[in-house]
Amino acid sequence: MKSFGILSLLVALPVCAGDFCVNDFGAKGDGKTVDTAAIQKAMDAAAKHGGTVMFRPGSYLTGSLFLKSKTGMRVDEGVEIMGVQDLAGYPMMSTRVARIEMKWPAALINIYEQADVRIWGKGTIDGNGKVWWDKYWTMRRTEYEPKGLRWAVDYDCPRPRLIQIYKSTGVQLQDLMLKRSGFWTVHICYSTNVNVDGLTIRNNVGGMGPSTDGIDVDSSSDVLVQHCDIECNDDAIVLKAGRDSDGLRVNRPTEKVVIHDNTVRAGAAGLTFGSETSGGIRDVEAYRIHVLPSVGNGILFKSASTRGGNIDHINVHDMDIKGVRVVIGVTFNWNPSFSYAKIPEGMTNVPDYWRVLAEPVPPEKGLPHLRNVRIANIAAVDSRQAFSVASYKDSPLQDLKFTNLDIQAAVAGSIENAENWQFVNTKIQTADGSKVQCKDCRNVTGLPGN
């Protein structure tokens, strides 16, 4: 699979016609005063001249901020931008979030329908998100799960994202420390030509934030993610393309993505495809990803029988994986209590988005498909299981090639409903001596012990 030459797509930095210091517009940076209005004034002034917003050292408490086209925001070392813990500080907006289009609170930092924007520096953007985490866990455990509404709570508990890039082009994020996001950390949605470089993400500070994904590439194209260091409580680097009937309606793929030289310290997986696959995920190259203990999976493909969409032309290579539960996972019946929305009988006074979530998807449109995947040069040690792979009989996992796998695991695991899989120079050492079990597979060659 060819590289997409994405380095040539790096956005041109905005011409700086002068710095716009937020303190000159009334921002205090004392960690107590809410500086939203003053910072936004600086951003709006910068937009008139194509300038850069900057901050004197300090802690700036703020609600949602909106950067405009051809501007920059420099967050220097010693500068902390911290989110207010009041939902009123995050205005409701039309967006796609948690897999469907709906109204949702704006992020702390928003690049919304803009072009040529850069945010960079060695400073910190802190979502101050524990209040949202606690609210979510309380709702889920005490109210929603007892009623069989696990699938609904993520939508009924609005939590601000940290950075939203929505319907935008030519965006660069570089070198920032991002922490304690209330929800997803960096959400790139319906956008093109985005470069994410050198971010440090730390969401497991003061608790384990639910759904604190690191970097979500959602129905976007020509995206580069490189040199990031991520610790979160969900998917670290994840490719998405919409959920179920709404995602099939939008039908916009994630494509032409390059991911390289990243470290994942904690999260659900080092590299994730899905579970939002409805619009398709294709033409992805990922390499030199370092996955450390406290991560659930090394490489994970996930979807559900109502998602639909194709995952194809994927090239993953040169990864080192340590201490994960599963090295390579495929689950197309992911998290059923969340994936399949069903409104309880007799319940009529429900939000419109519940009805969108529960809209039936015909079986022929709901089955996801995985094909044309190349995985090479994977070294995994101290793993619990080498493979945990399963699809549907009507949607076999087709045309996967594995080259130079060296996996050490407690058990080998299983592969179900695979077709035309080729293993070349594969070593799987297991503590219990088990071999990978194949069920309902056709034309699987080169797998040790089979």
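J.: Go over the overall build of the chain with me, naming the residues and quoting the values.
T.: Along the backbone of the chain there are seven helices and 33 strands. A compact globule built from 450 residues should have a C-alpha radius of gyration of about 22 Å, and the chain, at 22 Å, falls within 12% of that. The C-alpha extent of the chain, read off along each of the three principal axes, is 70 × 55 × 35 Å. For the chain, with 450 residues in total, the buried portion stands at 59%. Considering only contacts within the chain whose residues lie at least 6 apart along the sequence, 73% involve residues at least 24 apart. Counting only carbon and sulfur atoms, one obtains 48% of the accessible surface of the chain, whose full area is about 16,700 Å². Of the side-chain charges in the chain, 50 are positive and 50 negative, and the distance between the mean point of each set is 1 Å.

J.: Residues and numbers for the side chain of D156, please.
T.: For D156, the position within the fold is in helix α3 (residues 150-156). This buried residue, D156, is left without a salt bridge; K147 holds the nearest opposite charge, at 9.3 Å. When sequence neighbours within four positions are dropped, the list of residues in contact with D156 reads M139, Y144, P351, Y353 and W354.

J.: Give me the pairing of strand β28 (residues 369-390): which residues, what numbers.
T.: As judged from the 11 bridges shared by strand β26 (residues 310-322) and β28, these two strands associate in the parallel manner. Residue pairing across strands places D312 opposite R371, the latter belonging to β28. In the sheet, strand β27 (residues 326-331) pairs with β28 via five bridges, with the strands oriented parallel. Residue pairing in the sheet places V326 in a bridge with Q385 of β28. As defined by bridge partners, β28 adjoins strand β29 (residues 397-416) across 14 bridges and the pair is classed as parallel. In the sheet register, Q385 faces β29, and the bridge partner there is V411.

J.: Give me the lowdown on helix α2 (residues 130-144), citing residues and values where you can.
T.: Helix length check: α2 (15 residues) gives 20 Å between terminal C-alpha atoms against 21 Å at 1.5 Å per residue, within 8%. Residues of α2 that are buried make contact with α3 and α6 (352-358).

J.: How would you explain the packing of aromatic side chains if you had to name every residue and give the values?
T.: Applying the stated criterion to the full structure yields 16 aromatic pairs. When the centroid spacing of 4.9 Å and the interplanar angle of 25 degrees are considered together, the rings of Y112 and Y166 count as stacked. Taken as a pair, Y112 in strand β10 (residues 109-112) and Y166 in strand β13 (residues 163-166) lie far apart in primary sequence, 54 residues in all. Pairing Y136 with W137 gives two aromatic rings, centres 5.3 Å apart and planes at 65 degrees, and the pair type is edge-to-face. A network of ring pairs unites the aromatic residues F387, F402, W421 and F423 as a single cluster. A cation over an aromatic ring shows up here: K302 above the ring of W334, its NZ or CZ 4.1 Å from the ring centre.

J.: Help me get a handle on the pattern of salt bridges, residues and values and all.
T.: Between side chains of opposite charge, a pair can form when the charged atoms approach closely. For the coordinates displayed, the defined rule picks out 24 salt bridges. E276 serves as the salt-bridge partner of K240, at 2.9 Å between the closest nitrogen and oxygen. Residue K240 is located in strand β22 (residues 237-240), and its partner E276 is located in the loop between β23 (254-273) and β24 (281-291); the two are separated by 36 residues in the primary sequence. Each member of the pair K240 and E276 is classed as buried. For the salt bridge of R288 with D261, the shortest nitrogen-to-oxygen distance reads 2.7 Å.

J.: Lay out the confidence of the model for the chain with the relevant residues and their values.
T.: Here the chain averages 95 in pLDDT, while 96% of its residues score no lower than 70. Residue range residues 1-17 is modelled with pLDDT below 50. Its contacts to residues more than four positions away, or to other chains, number 44 contacts.

J.: Requested: an account of the nonpolar core, with residues and values cited.
T.: Core analysis: the largest hydrophobic core is formed by 98 residues, its most contacted members being M73, I125, I215, F273 and F387. In this view, F387 contacts V326, I328, F402, L405, I407, A412, G413, S414, I415, F423, I428 and V436; residues no more than four positions away in its chain are not counted. With 23 residues, the next largest nonpolar core counts W104, Y136, V153 and W354 among its residues.

J.: Break down the environment of N193 for me, with residues and values.
T.: Structurally, N193 is set in strand β17 (residues 192-197). Here the alpha-carbon distance between N193 and K256, two residues 63 residues apart in the chain, equals 9.7 Å.

J.: Residue-level account of unusual backbone geometry, with values.
T.: Backbone torsion omega between G274 and S275 reads 5 degrees, so that peptide bond is classified as cis. Mapped onto the elements, S275 comes out in the loop between β23 and β24. Positive phi, close to 50 degrees, is recorded for S219, a residue that is not glycine. Since its relative accessible area comes to 0%, S219 is described here as buried. One non-glycine residue, N335, adopts positive backbone phi at about 45 degrees. Among the secondary structure elements, N335 is positioned in the loop between β27 and α5 (336-339). In this structure N335 comes out as partly exposed when scored by relative accessible area, which is 26%.

Cut-offs and rules
- Sequence order as written defines the numbering, with residues in each chain counted from 1.
- Owing to the predicted nature of the model, reporting of local features is limited to residues with pLDDT of at least 70; listing and counting of side-chain atom pairs is limited to 80 or more, with chain, interface and lining totals taken over all residues.
- The side-chain values count all of the structure's non-hydrogen atoms but skip hydrogen atoms and water molecules.
- Starting at the N terminus, helices and strands are each numbered in turn, a helix being any DSSP run of H or I of at least four residues and a strand any DSSP run of E of at least two.
- Here the globule rule is a power law, 2.2 Å times the number of residues to the power 0.38, and the radius of gyration is based on C-alpha atoms.
- Think of it in three bands: with a 1.4 Å probe and only protein chains considered, a residue is buried below 20% of the maximum accessible area for its type, exposed above 50%, and partly exposed in between.
- Working rule for contacts: check all heavy atoms of both residues, and any pair within 4.5 Å makes them a contact.
- What sets the accessible areas is the Shrake-Rupley method with a 1.4 Å probe; for residues, cover comes only from the shown protein chains.
- Residues scored as charged are limited to Lys and Arg (positive) and Asp and Glu (negative), so that His and the chain ends carry no count.
- Working definition for charges: the position is that of NZ of Lys, CZ of Arg, CG of Asp or CD of Glu.
- Salt bridges are defined as contacts in which a side-chain nitrogen from Lys or Arg sits within 4 Å of a carboxyl oxygen from Asp or Glu.
- Strands pair, by our definition, only if DSSP identifies at least two bridges between them.
- Take the number of residues in a helix, subtract one, and multiply by 1.5 Å to get its expected span.
- Only Phe, Tyr and Trp rings are paired, with Trp represented by its six-membered ring, and only when their centres lie within 6.5 Å; those with planes under 30 degrees apart are stacked, over 60 edge-to-face, the remainder tilted.
- Placement of a charge over a ring requires the Lys NZ or Arg CZ to be within 6 Å of the ring centre, with the centre-to-atom vector within 35 degrees of the ring normal.
- Residue-level confidence of the predictor is summarised by pLDDT, bounded by 0 at the bottom and 100 at the top.
- Buried Ala, Val, Leu, Ile, Met, Phe, Trp, Tyr and Cys residues form a nonpolar core when they are joined through side-chain atoms within 4.5 Å.

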